[in-house]
Amino acid sequence: ARRSLKMRITPDLVMFSPQFTNPLREREIKLRAYKIPAIENLGSTQDQFDTIDLSDNEIRKLENFPLLKRLKTLLISNNLIFRVGDDLKDCLPNLHTLMLANNNIVNLQDLNPLCNLPALRRLCLIENNVTKQPNYRLYV
């Protein structure tokens, strides 16, 4: 049986991944569908992007970000995320859009660190079991 290769976020991956101006006129980097297991080495982006697309990977924890003052949108749907790190507010102070569709977030308490993101305005959690919890909409 052939094993699929898991990639790590490295300075080379950042340098050779598609980088473009998206329709919102924001600088975006596409780190999509590399089977990345963890967030690491995003300091190698040198905080040059408004949007980072980490969708369709195998990331389990939303944590380990460097300070990214420019980042406004994080696309991280279709991963395995079950935990959100407590330090996001310090690392992503201007994040206003977080797309977490189709991950493994189960408990309402797992969302608590998101309450501290001062600029967060859009949060997508569809296809997470947490959306089936009683009073989910009131909690969020």
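Analysis parameters
- Residues numbered from 1 in each chain as written.
- Predicted model: local features only at pLDDT ≥ 70, side-chain atom pairs only at ≥ 80, totals over all residues.
- Heavy atoms only, no water.
- Pairing = 2+ DSSP bridges.
- Helix = DSSP H or I, 4+ residues; strand = E, 2+ residues; numbered from the N terminus.
- Axes fitted to C-alpha atoms, helices over the stretch in contact; angles between N-to-C directions.
- Salt bridge = Lys/Arg side-chain N within 4 Å of Asp/Glu carboxyl O.
- Buried < 20%, exposed > 50% of the residue type's maximum accessible area, 1.4 Å probe, protein only.
- Contact = heavy atoms within 4.5 Å.
- Core = buried A, V, L, I, M, F, W, Y, C linked by side-chain atoms within 4.5 Å.
- Disulfide = S-S within 2.5 Å.
- Polar contact = N/O pair within 3.5 Å; in protein donor to acceptor, adjacent residues only side chain to side chain.

**Q** Mind showing me how you'd approach the sheet that holds strand β1 (residues 19-21) here?
**A** Within a beta sheet, neighbouring strands are joined by backbone hydrogen bonds and run either parallel or antiparallel to one another. The 6 strands lie next to each other as β1-β2-β3-β5-β7-β8, forming an open sheet whose pairing is mixed. Because the sheet does not close on itself, it has two edges, and the strands there are β1 and β8 (122-124). On average, adjacent strands in this sheet sit at an angle of 10° to one another, irrespective of strand direction. Bridge analysis of strand β2 (residues 27-30) against strand β3 (residues 51-53) gives 3 bridges, and the strand direction is parallel.

**Q** Is there a simple way to explain the pattern of salt bridges in this structure?
**A** Pairs may arise between side chains of opposite charge once their charged atoms sit close together. Scanning the entire structure with this criterion turns up 8 salt bridges. Of the charged contacts in the structure, one is a salt bridge between aspartate 53 and arginine 32, with a shortest N-O distance of 2.8 Å. Note that aspartate 53 is positioned in strand β3 and arginine 32 in the loop between β2 and β3, a separation of 21 residues in sequence. Aspartate 53 gets classed as buried once you look at its relative accessible area, which sits at 4%. Among the charged side chains, a network of salt bridges with common partners joins Arg32, Asp53 and Asp56.

**Q** In this structure, what is going on with the environment of arginine 60? I would like to understand it.
**A** Residue placement: arginine 60 occurs in the loop between β3 and β4 (61-62). Overall, arginine 60 belongs to the partly exposed group, its relative accessible area being 43%. The spacing of arginine 60 and arginine 83 is 23 residues in sequence and 7.0 Å in space, taken between C-alpha atoms. Each residue touching arginine 60, except ones within four places of it in the same chain, is listed here: Pro37, Leu80, Ile81, Phe82 and Arg83.

**Q** What am I meant to see in the nonpolar core here?
**A** Ranked by size, the top nonpolar core spans 35 residues in total, and within it Leu54, Leu62, Phe65 and Ile76 carry the most contacts. Contributions of two or more residues to this core are made by α1 (11-16) and α2 (88-91).

**Q** Sorry, what's going on with the state of the cysteines here?
**A** Chemically, a disulfide is nothing more than a covalent bond linking the sulfur atoms of two cysteines. Enumeration according to the criterion identifies 0 disulfides in this entry. Cysteine cysteine 91 shares no disulfide, and the gap to the nearest cysteine sulfur, in cysteine 115, comes to 17 Å. The structure places no disulfide on cysteine 124, whose sulfur is separated from the nearest cysteine sulfur, that of cysteine 115, by 17 Å.

**Q** Quick question: what am I supposed to make of the side chain of threonine 97 here?
**A** Following the sequence through the fold, threonine 97 ends up in strand β7 (residues 97-99). Reaching out from threonine 97, the side chain makes a polar contact with the side chain of histidine 96 at a distance of 2.8 Å.

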